[in-house]
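# Working through the structure, step by step
So the chains spell out like this:
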Amino acid sequence: SEMGRKKKPFIDKKHATTYKLVHRSQHDPLVADQEANQMVLKELPGAGDETSRSTRLATQRDCGIYFEDDYEYMQHVREREEGGVVWEAVNPTRPGQVVLPPCVLPSAEEEPVGMLNLAAPRGLDLSLDPDIVAALD
């Protein structure tokens, strides 16, 4: 009697959330924290969700991107104006959705300048010895 029954899949792909393991952004304040994970989980857009795919393709076409593959081209598009992007928090509302601990996700707020650019020298330091300044110039 059980031969004809299909086994219930372990993962419901229609309602699943897919993540990719990526390096923490240089704009993330925790990138300089030695105690924080340097790899975080980034949520990928739903590949199986046809409505989100058609919405994404329509948005790409509005921006002049006419490729119809599953690559997320909008990750490379930036706003021209400073402060033109508004981020909204998303709360999980689906029943049975797994809530990941914050330590494995990117920080909610990012710095406007990356940590490597903050650490980079900003030109000639005139407080040095005048002979050193003249040799560096």
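The structure under discussion appears in the preceding block.
Since the model is a prediction, treat every value here as computed from it, not as a measurement.

Counting secondary structure elements, the protein chain contains 3 helices and 2 strands. N-terminal to C-terminal, the α/β element order of the protein chain is β-β-α-α-α. Taking all 137 residues of the protein chain together, 9% fall into the buried category. A separation threshold of at least 6 residues defines the contact pool for the protein chain, and within that pool the share at least 24 residues apart is 46%. For the protein chain, the exposed surface amounts to about 12,400 Å²; the carbon and sulfur share of it is 56%.

What follows covers the packing of aromatic side chains. Taken as a whole, this structure holds 2 aromatic pairs when the rule is applied. A ring pair is formed by F67 and Y73, whose centres lie 5.2 Å apart and whose planes are at 25 degrees; its orientation type is stacked. On the accessibility criterion, F67 (53% relative accessible area) is exposed. Each ring, one from Y71 and one from Y73, has its centre 4.8 Å from the other, and the planes form 70 degrees; the classification is edge-to-face. The class of Y71 is partly exposed, set by a relative accessible area of 38%. An aromatic cluster is defined as three or more aromatic residues linked by ring pairs; in this entry it consists of F67, Y71 and Y73.

Moving on, we come to the side chain of R56. The topology assignment puts R56 in helix 1 (residues 50–62). Not counting the four nearest positions on each side in its chain, R56 is found in contact with D69, D70, Y71 and E72.

A word on the pattern of salt bridges. If you walk through the whole model with that rule in mind, you get 3 salt bridges. Close ionic contact of R61 with E68 constitutes a salt bridge, the shortest N to O distance being 3.6 Å.

Before going further, it helps to examine a nonpolar patch on the surface. A contiguous nonpolar patch, built from L128, I132 and L136 and spanning about 270 Å² of accessible area, is present on the exposed surface. Among the structural elements, L128 can be located in the loop between helix 2 (115–119) and helix 3 (130–136).

Our next topic: the environment of A58. Within the secondary structure, A58 is located in helix 1. Residue classification places A58 among the partly exposed residues on the basis of a relative accessible area of 29%. With 10 residues separating them in the primary sequence, A58 and E68 have C-alpha atoms 9.8 Å apart.

How each quantity is defined
Residues numbered from 1 in each chain as written. Predicted model: local features only at pLDDT ≥ 70, side-chain atom pairs only at ≥ 80, totals over all residues. Heavy atoms only, no water. Helix = DSSP H or I, 4+ residues; strand = E, 2+ residues; numbered from the N terminus. Buried < 20%, exposed > 50% of the residue type's maximum accessible area, 1.4 Å probe, protein only. Contact = heavy atoms within 4.5 Å. Areas by Shrake-Rupley, 256 points an atom, 1.4 Å probe, with all protein chains shown as cover. Phe/Tyr/Trp six-rings, centres within 6.5 Å; stacked < 30°, edge-to-face > 60°. Salt bridge = Lys/Arg side-chain N within 4 Å of Asp/Glu carboxyl O. Patch = residues over 30% accessible without salt bridge, like charges linked within 9 Å, V, L, I, M, F, W, Y side chains within 5 Å.

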